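Below are the chains, spelled out letter by letter.
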Amino acid sequence: KPLIFSGVQPTGNLHLGNYLGAIRKFVALQETMDCIYCVVDLHSLTAQLVHEDLKDQTRQITAAFLAAGIDPDKHIVFNQSRVMQHAELAWIFNCVARIGWMNRMTQFKDKAGKDRENASLGLLAYPSLMAADILVYRATHVPVGDDQKQHLELTRDIAQKFNNDFSHRIAELGVGVEIQMGDETVNGFFPLTEPVIGGPAARIMSLRDGSKKMSKSDPSDLSRINLTDDADTISKKIKKAKTDPEALPSEIAGLASRPEAENLVGIYAGLADTSKEAVLKEYGGQQFSVFKPALADLAVEKMAPIAGEMRRLMADPGHIDGVLRNGGERAGVLAEANMKTVRDIIGLLQG
Ligand code: ATP
Ligand code: MG
């Protein structure tokens, strides 16, 4: 049975990329699937260990989930650290995964910078915890931005190696399910989870540099549009966004070597829920002096209601904490049931 899992780190201000690449998909998927949405606070320790407003940022992300329309009664919303089985399975996956797999991750290379020997072990092992987040529920689908594609591939590699290394134990205990691998069917405990990526906004780039993705942790606030920016700030940031002096092309091919222009067209398409082609049909031949104000208006129109609802929710932190506590209890039951089996498969002495 399909099950959705995804997470967002409490590492700072949520931005348009998080919304269009991830949170908006969370909302769409909850109509037809069972979903678990997590504020991954343990992951955020890899960016900043001592964190004055970790609690507040955890509430902020939760408020954004709820303001965007996620229903915490029908689905599960919680913060990762409440369910210790994530960390437990991550440890087991640390022993399944290989150091070489982690060293190849582009997110690690980007975030560790030049002095890789001095990066925390947690930053290197980040994808192992992410695999545990997903597989502790045996989730089948993960809506994410394009930047997480590589981590999802690694999640499948870990699941496959675990299934393979313990195949005899899984069969002996009779806890396996049929798993499709290409045109082969194998017996395994963990599914080979699929990413749900796509659309014109799967990778929104920084407004200051078309070669870098928009990020919460980018030190420049001008690089991103925050979910909570007011109308003036949004307009100012879009006006200041880096572009080239040419008019917009009428065909998608005309965006090929113009990453900044392509990014703004992608943002417009994402916000308007249409394609880049359709945006160019409307704005092809126009200058940025026309396109940018139109984009700013659209962004304000779509984002302002979410920001307003977030502010309303943030005024009652007790309510948000209650949502997370309740979600954590329900998630914990599911996670523990799977972990009991994992401990059995491995042969840890329990009971
Ligand atoms: P950080 O810089 O701290 O890693 P982030 O902006 O990358 O922050 P995450 O919490 O790591 O945010 O990611 C949350 C979700 O948002 C993930 O699914 C990720 O793929 C998606 N996402 C992040 N940045 C973008 C972006 N620029 N475009 C589209 N999706 C994005
Ligand atoms: Mg990130």
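About the thresholds
- Residues numbered from 1 in each chain as written.
- Chains lettered and ligands numbered in written order.
- Predicted model: local features only at pLDDT ≥ 70, side-chain atom pairs only at ≥ 80, totals over all residues.
- UniProt positions renumbered as here; feature names shortened; annotations may be inferred.
- Core = buried A, V, L, I, M, F, W, Y, C linked by C-beta atoms within 7 Å.
- Buried ≥ 20, exposed ≤ 12 C-beta atoms within 10 Å, placed from the backbone.
- Helix = DSSP H or I, 4+ residues; strand = E, 2+ residues; numbered from the N terminus.
- Domains from an automatic or database assignment.
- Contact = placed C-beta atoms within 7 Å.
- Near = placed C-beta within 6 Å.
- Nonpolar A, V, L, I, M, F, W, Y, C, P; charged D, E, K, R; others polar.

- The chain is annotated in an unreviewed UniProt entry as Tryptophan--tRNA ligase from Mesorhizobium hungaricum.
- Per UniProt, the chain carries the Function (unreviewed entry) text "Catalyzes the attachment of tryptophan to tRNA(Trp)."
- We quote the UniProt Sequence similarities (unreviewed entry) comment for the chain here in full: "Belongs to the class-I aminoacyl-tRNA synthetase family."

**Some remarks on the nonpolar core**
- Ranked by size, the top nonpolar core spans 96 residues in total, and within it I36, A64, L89 and A299 carry the most contacts.
- By residue number, the principal contributor to this core is helix 13 (residues 288-314), which donates 10 residues.
- Taken together, domain 1 (3-200 + 316-346) and domain 2 (228-313) each give at least three residues to this core, which thus spans both.
- Beyond its immediate sequence surroundings of up to four residues, A64 is in contact with L14, I23, L227 and M310.

**Quick look at the site of ligand 1**
- The environment of ligand 1 is formed by 20 residues, the closest being T11, G17, G21, G145 and S215.
- For the shell around ligand 1, the element with the most residues is helix 1 (residues 16-29), which contributes four residues.
- Across the shell around ligand 1, the residue classes break down as seven nonpolar, nine polar and four charged.

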